[in-house]
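Descriptive analysis of the structure
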Amino acid sequence: MTHLEEAVHSVFVAARAAGVGDVVAGRLAEAGLPLVGRPGAGVVVVAVGRTVGEALAARPFTCRCGRCRLVVVADSVEAGEVLRAVRAGALALLESTADPARLAAAVRAAARGEGRLPHAVLLALLDRPAPPPPAVLSPLTARQTAVLELVAEGHGNAAIARALSCSAHTVKNVIYDLMARLQVRNRSHAVARAVRAGLI
């Protein structure tokens, strides 16, 4: 078992409609991730629905309070719902056609607190007319841009530190500053806001 696999203690699949989460649960089990019957400490919640809104409605109460690692899986991902999911605390957003390996990778990233938005989801954000920004965002520094571009590619702090020849602590500080500057709650939201603002 690798270090990344050890990061996932267990997974809880939440779905409102009967049978909707069964296929996703089966793929997660096929990927070797342990499934549990209820959310709790150390549990990644995978909310499943036909739409992003339906998946978010299936979240347990702890997720609605922002106290869980949340992955959203939906049959269709509409551009207007992507930001809703990110604002609700989703660290990853996938279509229900995702294979076991992609689902497992998203869950493991969420267990580490890292966000993952697929390329198609980022394109959906770009296709949506941008609302007026709450404040004018000034250009990012070269280091902030480099870190955020690597975050957008799904790299963790250690991999970013190696790529930029700096410490993981430095990367963590840069990401903290970025989140404060962009006024976001997680890495996925930071990437989405930076893309829509033309910063990366």
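Parameters and conventions
Residues numbered from 1 in each chain as written. Predicted model: local features only at pLDDT ≥ 70, side-chain atom pairs only at ≥ 80, totals over all residues. Heavy atoms only, no water. Helix = DSSP H or I, 4+ residues; strand = E, 2+ residues; numbered from the N terminus. Buried < 20%, exposed > 50% of the residue type's maximum accessible area, 1.4 Å probe, protein only. Contact = heavy atoms within 4.5 Å. Areas by Shrake-Rupley, 256 points an atom, 1.4 Å probe, with all protein chains shown as cover. 1 Å grid on protein atoms, 1.4 Å probe; cavity = no way out; pocket = protein on both sides within 12 Å on 5 of 7 lines; lining within 4 Å. Points joined across faces, edges and corners; volume = space filled by probe spheres on them. Nonpolar A, V, L, I, M, F, W, Y, C, P; charged D, E, K, R; others polar. Axes fitted to C-alpha atoms, helices over the stretch in contact; angles between N-to-C directions. Parallel < 35°, antiparallel > 145°, perpendicular 65-115°, else oblique. pLDDT = per-residue confidence, 0-100. Pairing = 2+ DSSP bridges. Salt bridge = Lys/Arg side-chain N within 4 Å of Asp/Glu carboxyl O. Arc of directions from axis to C-beta.

Points about the overall build of the protein chain
A tally of helices and strands in the protein chain yields 11 helices and four strands. Residues classed as buried in the protein chain amount to 48% of the 200 residues present. Put simply, of all contacts in the protein chain between residues at least 6 apart along the chain, 66% involve residues at least 24 apart. Accessible surface, the protein chain: about 9900 Å² in total, of which carbon and sulfur atoms supply 54%.

Some words on the layout of surface pockets
When its volume is computed, the largest pocket comes out at roughly 350 Å³. As for the largest pocket, its lining consists of 20 residues, and the residues nearest its centre are Arg69, Leu91, Met179, Arg185 and Asn186. At five residues, helix 10 (residues 168-182) tops the list of elements feeding residues into the lining of the largest pocket. In the lining of the largest pocket, the residues fall into nine nonpolar, five polar and six charged.

A few points about the packing of helix 8 (residues 142-152) against helix 10
Where helix 8 meets helix 10, the axes come as close as 10 Å, and the angle between the chain directions of the two elements is 95 degrees. As the angle between them shows, helix 8 and helix 10 are arranged roughly perpendicular. Of the residues in helix 10, those touching helix 8 at Arg143, Gln144, Val147, Leu148 and Val151 are Thr170, Val171, Val174, Ile175, Asp177, Leu178, Arg181 and Leu182. Across the contact of helix 8 with helix 10, the residue classes break down as eight nonpolar, two polar and three charged.

Regarding the confidence of the model for the protein chain
For the protein chain, the mean per-residue pLDDT works out to 79, and 82% of the residues sit at or above 70. Here helix 1 (residues 3-6) stands out as the element of the protein chain with the lowest mean pLDDT, 42, in contrast to helix 9 (residues 157-164), whose mean of 90 is the highest. In this model, residues 1-7 is a region of pLDDT below 50 whose contacts with residues beyond four sequence positions or in other chains number six contacts. In this model, residues 132-136 is a region of pLDDT below 50 whose contacts with residues beyond four sequence positions or in other chains number one contact.

Quick word on the sheet that holds strand 1 (residues 10-15)
Reading across from one edge, 1-2-3-4 is the order of the four strands in this open sheet, with parallel pairing throughout. Both edges of this open sheet fall to strand 1 and strand 4 (90-95), since each of them pairs with a single strand only. Adjacent strand axes in the sheet meet at a mean angle of 20 degrees when their direction is disregarded. In terms of strand pairing, strand 1 meets strand 2 (residues 43-49) through six bridges, oriented parallel. In the sheet register, Val13 faces strand 2, and the bridge partner there is Val46. Contacts from helix 6 (residues 100-111) reach strand 1, strand 2, strand 3 (69-74) and strand 4 within the one sheet, and its direction differs from that of strand 3 by about 155 degrees.

A closer look at the pattern of salt bridges
Applying the stated criterion across every chain, the model contains one salt bridge. In this structure, the salt-bridge partner of Arg50 is Glu54, at a minimum N-O distance of 3.3 Å.

Comments concerning helix 2 (residues 22-30)
Listed in full, the buried residues belonging to helix 2 are Val24, Ala25 and Leu28. Projected down its long axis, helix 2 shows its buried positions confined to an angular sector of 100 degrees, all on one face. In helix 2, those exposed residues whose orientation departs by more than 90 degrees from the buried face are Asp22 and Glu30. Among the structural elements, strand 1, strand 2, strand 3 and helix 6 are those in contact with the buried residues of helix 2. Looking one or two residues past helix 2, Gly32 carries a phi angle of roughly 90 degrees, positive in sign.

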